[in-house]
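# Coordinates in review
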Amino acid sequence: EAEVAQSPRYKITEKSQAVAFWCDPISGHATLYWYRQILGQGPELLVQFQDESVVDDSQLPKDRFSAERLKGVDSTLKIQPAELGDSAMYLCASSLMPSGGPKQETQYFGPGTRLLVL
Amino acid sequence: GIQVEQSPPDLILQEGANSTLRCNFSDSVNNLQWFHQNPWGQLINLFYIPSGTKQNGRLSATTVATERYSLLYISSSQTTDSGVYFCAVVYGGATNKLIFGTGTLLAVQP
């Protein structure tokens, strides 16, 4: 069964350092999502891509976070510089249909990257 | 924006017991999914169920879209059912982002 892949699974860094997370969606999925989950809460969307284009990045802290999906396949989320409050689980998800298409479809999540900023 | 509330917030069961988890949402939705987040943080798809009833083994779910709620039933619970259960919805807007509920923390004791 096809799965969303993420790496690394765990990352410990010091504040002010740069970190990067990678996601490979299920093959053929047009839409890719990055969510952040703070301990004790549900995930919240950071950025959504349709193919290589950003559809929604309204909740992405753009002064320190950046995301790209250059070839419309895998994606990288970067934080520079990391802050203590960035400690969280970063989840990637993908879905088959492009944004603007039917909203009735399943999103599939990867295993996540757990970030700890010291 | 839409509000998604789940109840109960916490639940402790003995192995073999049955349970019902509820998800209430404050507006019409296009999509509703139930997830189980295991102790390692993995979000596992349980059901895609914007309306109607579905069953998968010991789990079943019902969404009554007109009344803005969904129920997840767990029968004959096992210790591996422990974790956090989230419902999540997509509504309106130009994007398909999921809005997650408040979650139910389930602990199944042997």
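Residues numbered from 1 in each chain as written. Chains lettered and ligands numbered in written order. Predicted model: local features only at pLDDT ≥ 70, side-chain atom pairs only at ≥ 80, totals over all residues. Heavy atoms only, no water.

### Some details on the interface of chain B and chain A
A common way to express how large an interface is: the accessible area buried when the components associate. Tallying the contact residues gives 22 residues for chain B and 25 residues for chain A. Carbon and sulfur atoms make up 47% of the surface buried where chain B meets chain A, a total of about 1,900 Å² over both sides. Contact with chain A buries surface across chain B, with B:Tyr48, B:Asn96 and B:Lys97 losing the most and accounting together for 27% of the total. The interface formed by chain B and chain A contains zero salt bridges. Taken together, the connections running from chain B to chain A amount to six residue pairs in polar contact (both at pLDDT 80 or more). If one sorts the elements of the side of chain B that touches chain A by residue count, strand E4 (residues 31–37) of chain B sits on top with four residues. Here the side of chain B that touches chain A is composed, by residue class, of nine nonpolar, twelve polar and one charged. (Contact = heavy atoms within 4.5 Å. Buried area = accessible area lost by both parts, 1.4 Å probe. Salt bridge = Lys/Arg side-chain N within 4 Å of Asp/Glu carboxyl O. Polar contact = N/O pair within 3.5 Å; in protein donor to acceptor, adjacent residues only side chain to side chain. Helix = DSSP H or I, 4+ residues; strand = E, 2+ residues; numbered from the N terminus. Nonpolar A, V, L, I, M, F, W, Y, C, P; charged D, E, K, R; others polar.)

### A word on the pattern of salt bridges
As enumerated under the stated definition, the model contains five salt bridges over all chains in all. Here A:Glu83 ties to A:Arg64 by a salt bridge, and the two come within 3.3 Å at their closest N and O atoms. One end of the pair, A:Glu83, is in the loop between strand E8 (75–79) and strand E9 (88–95); the other, A:Arg64, is in the loop between strand E6 (53–56) and strand E7 (65–68), with 19 residues separating them in the sequence. A:Arg64 gets classed as buried once you look at its relative accessible area, which sits at 12%. When the shortest N-O distance is used, the salt bridge between B:Asp81 and B:Arg58 registers 2.9 Å. Of this pair, B:Asp81 sits in the loop between strand E8 (69–74) and strand E9 (83–90) while B:Arg58 sits in the loop between strand E6 (52–56) and strand E7 (59–64); the two residues are 23 residues apart in sequence, bridging distant segments of the chain. When its relative accessible area of 7% is taken as the criterion, B:Asp81 is described as buried. B:Arg58 sits in the partly exposed class, given a relative accessible area of 26%. Through salt bridges that share partners, A:Arg36, A:Arg64, A:Glu83 and A:Asp86 make up one connected network. (Buried < 20%, exposed > 50% of the residue type's maximum accessible area, 1.4 Å probe, protein only.)

### Topic: the environment of A:Ala30
Residue and element names in this part refer to chain A. As for its placement among the helices and strands, Ala30 is situated in the loop between strand E3 (19–24) and strand E4 (31–37). What makes Ala30 buried here is its relative accessible area of 12%. On a C-alpha basis, the gap between Ala30 and Glu52 in space is 8.8 Å, while along the polypeptide they are 22 residues apart.

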